[in-house]
Amino acid sequence: MTGFFDEKELQKRIELNLSRLKDDPYYRIEKVFARKDYDWYGDKEGRALLSFVSHYKISKEKIPCMEQMMAQMEERTNEKLFFGPIFTDRIHEQQLSGHSWLLRGLCEYYEQFESPFALKMIRSVCDGLYLPTKGKYQSYPVDRSGNPDGGVSGKSGLEINSWILSTDVGCAFMSIDGLSHAYKILSDPDLKKLLDEMIGVYLAIDKKALKVQTHCTLTAARGMMRMYELCGEKAYLDGAKAIYDLYTKDGGMTLSYQNANWWGRHDSWTEPCAIVDSLMLSCMLYKAEKKEEYRRTAARIYHNGLASSQRANGGAGTDTVVSLESGGVDTLHSKMYEAYFCCTMRLSEGLWYINENKELLKAQTTGKVEKTDFGVYMDGDILYAEISGADEYLCSELIEIDGHKLHPLLKYFKIPKEDMEKISQKLIF
């Protein structure tokens, strides 16, 4: 087998994403703070800050909005330095989820710049928003029969057991990621107790039965891996491995090495946020255990799962769920051109992580394309598809096998929007 990784391609992806964040008004100071009626409190602000710091870590270039955001944080947040209402008798699931990204952004900012205000805000978010929820996760509702299916952006609605729930089922446990990063900085034993409670509850939940969101689950698993790296307790590693196994082998990951947005809803769409998380989790597990399966999965996610996820404008968008499961389809094509409100920003940390771990992400090929037991064609780590709707210039590597003209998955970031949206790539035969 031979291994390859195209560094010029990665640099182009990074440049496109950086330009998107610098040039679009949505990510500038005039609009970077979400509307008051947007009840994903702290989510956009946290994802944006994390995105800006990720690009700083790659190139040492400061996107101007990064410092402008930090200068306005105190006036934009409540008296406890977090976004949204201060609930005393209820827990708002999306508020917890959103502030995980805020903690991640603040923690990364603090680690780069040692900002006293960022440290103060990390402490205040933990003390004011999260620690009051300690002891309440056993009451997290696992019967969602009255909860409507969610859209690309989840919504709050159903209220059970003093929880204001989201259609992004399970997203409260996204916070395992942000809180673990805060614990790395603060070393607060009360945070560890809270994390242990959240992790214990979430691992016990039947994620397939509840149809939880794959993104929040993979993000929680990354938080578990961070706790394992910090504390060395095997339970954290075992929890992350259990989630990896569920995701890769039981209805989470698609045959295109992307994700179904929820377990049990293969009629939905992929989400680049989760694709990034799945790659990072796979690499983290490989570093912990040195099992080739984890490295190979990460490489296949990069070369296949992210092939179509990044768009020509530098952002990231959703695709069809290619799966043999009920609701899945055999053909990959774009669904939403860009999820600018989440995935475009989430992609930035993914690109930083890929840049840091290039050696682990080399694709292995044999020079022979073969059909797998799942009905897809691969040469080692590289998926092949039957492509329709694409101009000839895009299909320069066609091969014919079993009567099919096949080509490696197209890289959508190289293709103009009007051409990309016409393309279908049949994967399952």
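The structure under discussion appears in the preceding block.
Just so you know, these numbers come straight off a predicted model, no measurement behind them. (Residues numbered from 1 in each chain as written. Predicted model: local features only at pLDDT ≥ 70, side-chain atom pairs only at ≥ 80, totals over all residues. Heavy atoms only, no water.)

Trainee: Can you help me understand the overall build of the protein in this one?
Mentor: Helix and strand counts for the protein come out as 14 helices and 14 strands. For 429 residues, the compact-globule estimate of 2.2 N^0.38 gives 22 Å, and the protein sits close to it at 21 Å. Along the three orthogonal principal directions, the C-alpha set of the protein runs to about 65 × 45 × 40 Å. Among the 429 residues that make up the protein, the fraction classed as buried is 61%. Here the contacts in the protein between residues at least 6 apart in sequence split such that 71% fall between residues at least 24 apart. Looking at the protein as shown, the accessible area adds up to about 16600 Å², and 47% of this sits on carbon and sulfur atoms. Charge-centre separation for the protein: the mean point of 55 positive side chains lies 2 Å from the mean point of 63 negative side chains. (Helix = DSSP H or I, 4+ residues; strand = E, 2+ residues; numbered from the N terminus. Rg over C-alpha atoms; globule rule 2.2 N^0.38 Å. Buried < 20%, exposed > 50% of the residue type's maximum accessible area, 1.4 Å probe, protein only. Contact = heavy atoms within 4.5 Å. Areas by Shrake-Rupley, 256 points an atom, 1.4 Å probe, with all protein chains shown as cover. Lys, Arg positive; Asp, Glu negative; His and termini not counted. Charge placed at Lys NZ, Arg CZ, Asp CG, Glu CD.)

Trainee: It is not clear to me how the layout of surface pockets should be interpreted in this structure. Could you clarify?
Mentor: One water molecule sets the probe size; rolling that probe over the atoms shows where empty space is left. Within this model, the largest pocket holds a volume of roughly 580 Å³. Within the residue set of the lining of the largest pocket, elements represented by two or more residues are helix H10 (234-249) and helix H12 (292-305). Looking at the lining of the largest pocket, the element that brings in the most residues is H12, giving four residues. If you add up the space inside the second largest pocket, you get close to 480 Å³. What lines the second largest pocket is a set of 22 residues, among which Glu397, Pro408, Leu409, Lys411 and Lys414 lie closest to the centre. (1 Å grid on protein atoms, 1.4 Å probe; cavity = no way out; pocket = protein on both sides within 12 Å on 5 of 7 lines; lining within 4 Å. Points joined across faces, edges and corners; volume = space filled by probe spheres on them.)

Trainee: Which parts of the structure should I look at to understand the side chain of Gln94?
Mentor: With respect to the helices and strands, the residue Gln94 is situated in helix H4 (residues 93-113). With a relative accessible area of 0%, Gln94 lands in the buried category. In terms of polar contacts, Gln94 uses its side chain to reach the side chain of Ser156, at 3.2 Å. A polar atom in the side chain of Gln94 sits 2.7 Å from the side chain of Ser166. (Polar contact = N/O pair within 3.5 Å; in protein donor to acceptor, adjacent residues only side chain to side chain.)

Trainee: In this structure, what is going on with the packing of helix H6 (residues 175-186) against helix H7 (residues 189-204)? I would like to understand it.
Mentor: For any two helices packed against each other, the geometry is given by the interaxial angle and the distance between the axes. Interaxial distance between H6 and H7 falls to 10 Å at its minimum, and their mutual angle equals 155 degrees. One finds that H6 runs roughly antiparallel with respect to H7. Here the hand of the crossing between H6 and H7 comes out left-handed. For the pair H6 and H7, the contacting residues are Ser175, Ile176, Leu179, Ser180, Ala182, Tyr183 and Leu186 in the first and Leu191, Lys192, Leu194, Leu195, Met198 and Ile199 in the second. When its residues are assigned to classes, the contact of H6 with H7 shows 10 nonpolar, two polar and one charged. (Axes fitted to C-alpha atoms, helices over the stretch in contact; angles between N-to-C directions. Parallel < 35°, antiparallel > 145°, perpendicular 65-115°, else oblique. Left-handed = near helix turned anticlockwise from the far one by under 90°. Nonpolar A, V, L, I, M, F, W, Y, C, P; charged D, E, K, R; others polar.)

Trainee: Explain the pairing of strand E3 (residues 156-160) to me, please; I cannot follow it from the model alone.
Mentor: It is a general feature of regular strands that their side chains alternate between the two faces of the sheet. Relative to strand E4 (residues 163-166), E3 is paired through three bridges, and the arrangement is antiparallel. By the bridge assignment for E4, Ile160 is matched with Trp163. Between the end of E3 and the start of E4, which pair antiparallel, lie two residues, with Asn161 showing a positive phi angle near 55 degrees. (Pairing = 2+ DSSP bridges.)

Trainee: How do you make sense of unusual backbone geometry when you look at a structure like this?
Mentor: A negative phi angle is the norm for most residues apart from glycine, just as the trans form is the norm for most peptide bonds. Non-glycine residue Leu81 carries a positive phi angle of around 65 degrees. On the basis of relative accessible area, Leu81 is assigned to the buried category, the value being 6%. Positive phi, normally seen in glycine, also occurs at Ser162, with a value near 70 degrees. Turning to its location among the elements, Ser162 is positioned in the loop between E3 and E4.

Trainee: I would appreciate a short explanation of the nonpolar core in the present structure.
Mentor: In summary, soluble globular proteins display a tendency toward joint burial of nonpolar side chains. The biggest cluster of nonpolar side chains holds 132 residues, and the ones touching the most others in it are Met69 and Phe173. If sequence neighbours within four positions are ignored, Met69 has contacts with Ile29, Val32, Phe33, Glu45, Ala48, Leu49 and Phe52. In terms of nonpolar packing, the next biggest core, distinct from the first, is built from six residues, Val369, Tyr377, Ile382 and Tyr384 among them. (Core = buried A, V, L, I, M, F, W, Y, C linked by side-chain atoms within 4.5 Å.)

Trainee: Please clarify how the environment of Phe33 should be interpreted in this entry.
Mentor: On the secondary structure map, Phe33 appears in the loop between helix H1 (7-23) and helix H2 (43-59). Separated by 341 residues in sequence, Phe33 and Phe374 place their C-alpha atoms 45 Å apart.

Trainee: Explain the pattern of salt bridges to me, please; I cannot follow it from the model alone.
Mentor: Side-chain pairing between opposite charges can occur once the charged atoms of the two side chains come close. A full pass over the atoms with the stated rule returns 35 salt bridges. Salt-bridge contacts for Arg13 lead to Glu9; the nearest nitrogen and oxygen are separated by 3.3 Å. Of the two residues, Arg13 and Glu9 both sit in helix H1, four residues apart, roughly one turn of that helix. Here the two residues Arg13 and Glu9 agree in accessibility, since each one is buried. Here Asp250 ties to Lys208 by a salt bridge, and the two come within 2.8 Å at their closest N and O atoms. Taken together, the positions of Asp250 in the loop between H10 and helix H11 (272-289) and Lys208 in helix H8 (residues 207-210) put the pair 42 residues apart, joining distant regions of the chain. By sharing partners, the salt bridges in this structure join Lys57, Arg104, Glu108, Asp177, Arg222, Arg226, Asp277, Arg346 and Glu349 into a single network. (Salt bridge = Lys/Arg side-chain N within 4 Å of Asp/Glu carboxyl O.)

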